[in-house]
Amino acid sequence: MGLNSVAIDGPSGAGKSTLARRAAQALGYLYVDTGAIYRALGLFALERGADPADEAAVEALLPQAEIRMEHGGDGTQRMYLCGEDVTEAIRRPEVSRAASLVSAIPAVRAYLLEMQRDLARRHDVVMDGRDIGTVVLPQATVKIFLTASPEARARRRYKELEERGLSQPYEKVLSDIVERDRKDTTRETAPLRQAEDAAVVDTTSLDLEESFQALLERIKGGLGR
Ligand code: DC
């Protein structure tokens, strides 16, 4: 029997990474967070003093950016950039912005494509991103589009920020999400869109546990388990 791949795409804030990681653990598959690869490259551009929006500058850096991932048995993924562990550093807000900019560069996407496909050739994977079912793994065994209304995602984000002592007005959180959705879905390179053969899991009215059960059920159905 060949290897299985589960592609999970969707907008930011739908709970993708948490749910995809748990699903991978439940299935015994490797969890691959592809956003972390773009984040590592965004960090590299910042470290090298390159403008992450400057296509030529970022493209010139690609051959020097040695990006590696290591996967622990517990579903954790550690990221290494030129040998240095950058797992925590890539979560900084300025790196989020840089990642978003470098991810819009066609040469970057082409360069990182093979790295992502290679993982799926060697392992059963649950891969989360924006273009996994459409571009990276168009032949994925199961494709899920995980989404929730902007308001539901804003409420979750609002709570999360509050818990971290970083409160922002709800209206601001919501308008940021709407703006990010607009950017993600209208950008020229690999815009976020649902694969035609993807199953939609909408978590708007579900809590985390219910979302997980709904996702796992869909995946298992698709895998024939
Ligand atoms: O999911 P995330 O926030 O860690 O992703 C970081 C950035 O990378 C985000 O701006 C979207 C982008 N990204 C992408 O373009 N394609 C992917 N497959 C994954 C992430």
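Higher on the page you've got the structure.
What you see is a predicted model; the values in this text were computed from it and never measured.

**Looking at a negative patch on the surface**
Residues Asp51, Asp54, Glu55 and Glu59 make up a contiguous surface patch of negative charge. With respect to the helices, strands and loops of the structure, glutamate 59 is situated in helix α3 (residues 55-61). The exposure class assigned to glutamate 59 is partly exposed, which follows from its relative accessible area of 44%.

**Here's the deal with helix α8 (residues 170-186)**
When the terminal C-alpha atoms of α8 are compared, their 24 Å separation across 17 residues agrees well with the 24 Å that a helix rising 1.5 Å per residue should span. Here α8 has its buried residues at Val173, Leu174, Ile177, Asp181 and Asp184. On an axial view of α8, the arc spanned by its buried residues comes to 95°, and they lie on one face. More than 90 degrees from the buried face of α8, the exposed residues found are Glu171 and Thr186. For α8, the secondary structure elements touched by its buried residues are α7 (150-163).

**Description of the site of the ligand**
Lining the immediate surroundings of the ligand are 14 residues, of which Thr34, Arg39, Arg109, Arg130 and Arg187 lie closest. Residue serine 103 places a side-chain N or O atom 3.4 Å away from an oxygen atom belonging to the ligand. One nitrogen or oxygen atom from the side chain of arginine 187 is found 2.9 Å from an oxygen atom belonging to the ligand. Protein chains shield 92% of the accessible area of the ligand, which is 440 Å² for the free molecule. Mapped onto the shell around the ligand, the elements with two or more residues apiece are α2 (35-47) and α4 (93-102). With 3 residues, the top contributor of residues to the shell around the ligand is α2.

**What to know about the sheet that holds strand β4 (residues 77-81)**
Spatially, β3-β4-β5 is the arrangement adopted by the 3 strands of the open sheet, whose pairing is antiparallel. With partners counted over all chains shown, the strands left at the sheet margins are β3 (67-71) and β5 (84-85), one partner each. In the packing of α2 onto the sheet, the strands contacted are β3 and β4, and the crossing angle to β4 comes to about 30°.

Rules used in this analysis
- Every chain is numbered on its own, with residues counted from 1 as its sequence reads.
- For a predicted model such as this one, the threshold for reporting local features is a pLDDT of at least 70, and the threshold for listing and counting side-chain atom pairs is 80 or more; totals across whole chains, interfaces and linings nevertheless cover every residue.
- Side-chain figures throughout are based on the complete set of non-hydrogen atoms in the structure, without hydrogens or water.
- Like charges are joined within 9 Å and nonpolar side chains (Val, Leu, Ile, Met, Phe, Trp, Tyr) within 5 Å, but only among residues with over 30% relative accessible area and no salt bridge; these make up the patches.
- In this description, accessible areas are obtained by the Shrake-Rupley approach with a 1.4 Å probe, and a residue is regarded as covered only by the protein chains that are shown.
- The salt bridge criterion pairs a side-chain nitrogen of Lys or Arg with a carboxyl oxygen of Asp or Glu, the two atoms within 4 Å.
- Positive charges come from Lys and Arg alone, negative charges from Asp and Glu alone, with His and the N- and C-terminal ends not counted.
- Where a charge sits is defined by one atom per residue type, namely NZ (Lys), CZ (Arg), CG (Asp) or CD (Glu).
- Going along the chain from the N terminus, every DSSP run of H or I of four or more residues is numbered as a helix, and every run of E of two or more is numbered as a strand.
- Burial here depends on accessible area, computed with a 1.4 Å probe over protein chains only, as a share of the maximum for the residue type. Under 20% is buried, over 50% is exposed, and the range in between is partly exposed.
- Each residue after the first adds 1.5 Å to the expected span of a helix.
- The arc refers to the directions leading from the helix axis to the C-beta atoms.
- Whether two residues are in contact is decided by their heavy atoms: any pair within 4.5 Å suffices.
- Here a residue is considered near a molecule or strand provided that any single heavy atom belonging to it is located within 4 Å of it.
- Distance and chemistry together define a polar contact, namely a pair of N or O atoms within 3.5 Å, with one atom able to donate a hydrogen and the other to accept it when in protein, and with adjacent residues in sequence counting only for side-chain atoms on both sides.
- Pairing between two strands is assigned when DSSP locates at least 2 bridges connecting them.
- Between N-to-C directions, angles cover 0 to 180 degrees, with each direction set by a line fitted to C-alpha atoms, over the stretch in contact for helices.

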